[in-house]
Amino acid sequence: FDGTLRFYLNGTKVVLDDIDPEVTVLEYLRGIGLTGTKLGCGEGGCGACTIVVSQFNPTTNQIYHASVNACLAPLVSLDGKHVITIEGIGNTKRPHPTQERVAMGNGSQCGFCTPGIGHELVRAAAQHDAPTEHEVEEVFGPVCVVGKFTTESEALQLCND
Ligand code: FES
């Protein structure tokens, strides 16, 4: 890390200088208006702040998708990675299939943590072609996964389908 932070945020390149090492990803996202990522417990327990962080590993030639608690992750940890927030996976005209299914199944209660749940489901879709109920339950754990995609554009495509 050379003091300039470079990463992709929902498909757009971000370059930042003079980063405060104590700023979290959650503080940064909410500060730029991406308020779909919520502050719940602030200590890694509730998942309301969940984002998906993807990184290409040149050794394995695979992209790793990880669910990350944005309330705990320092902003500087994003260097060289691709961040997908809830704003990056769908919109009011065309929701992501996981958002659609949560909505159609009345999966939200107050809705505060729904973005975090949606992101875990996106990660489940990256890990399994047709996840079983058990596999979906498993993916709600904080585990880094190896995606089935081999290029960053394929990972992006997942989030745009
Ligand atoms: Fe609860 Fe981050 S706000 S895990």
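Since the structure is predicted, the reported quantities are computational estimates derived from the model, not experimental observations.

Attention now goes to the nonpolar core. Looking at soluble globular proteins, one finds that nonpolar side chains tend to be buried together. Of all hydrophobic cores here, the largest spans 20 residues; its most connected members are Phe7, Leu9, Leu16, Tyr28 and Leu75. When contributions to this core are tallied by element, the ones reaching two or more residues are strand S1 (4–9), strand S2 (12–17), helix H1 (25–31) and strand S3 (50–57). The greatest single-element share of this core, amounting to four residues, is contributed by H1. Setting aside residues up to four positions removed in sequence, Leu16 forms contacts with Gly3, Thr4, Leu5, Phe7, Tyr28 and Leu75. By size, the runner-up hydrophobic cluster in this structure holds five residues, among which are Ile84, Ile86, Ile89 and Val122.

Two faces make up the sheet, and in a regular strand the side chains alternate between them. Pairing geometry for S3 and strand S4 (residues 62–69), over eight bridges, is antiparallel. Paired with Asn57 across the strands is Gln62, a residue of S4. Once S3 ends, the chain turns through four residues before running back antiparallel as S4, passing Asn61 with a positive phi of about 60°. Across three bridges, S3 lies against strand S5 (residues 82–84) in antiparallel orientation. In the strand pairing of S5, Val52 is matched with Ile84.

In this section: the pairing of S1. Sheet topology places S1 next to S2; six bridges connect them, and they run antiparallel. Along S2, the bridge assignment pairs Leu9 with Thr12. Taken together, S1 and the strand that follows it, S2, pair antiparallel across an intervening segment of two residues, in which Asn10 is found at a positive phi of about 50°. Bridge count for S1 against S5 is two bridges, and the pairing is parallel. Counterpart to Leu9 in the pairing with S5 is Val83.

Of note, Pro21 is situated in the loop between S2 and H1. Assessed through its relative accessible area of 59%, Pro21 is described here as exposed. C-alpha separation for the pair Pro21 and Met104, spaced 83 residues apart in sequence, amounts to 41 Å.

Conventions used here
- Residues numbered from 1 in each chain as written.
- Predicted model: local features only at pLDDT ≥ 70, side-chain atom pairs only at ≥ 80, totals over all residues.
- Heavy atoms only, no water.
- Core = buried A, V, L, I, M, F, W, Y, C linked by side-chain atoms within 4.5 Å.
- Buried < 20%, exposed > 50% of the residue type's maximum accessible area, 1.4 Å probe, protein only.
- Helix = DSSP H or I, 4+ residues; strand = E, 2+ residues; numbered from the N terminus.
- Contact = heavy atoms within 4.5 Å.
- Pairing = 2+ DSSP bridges.

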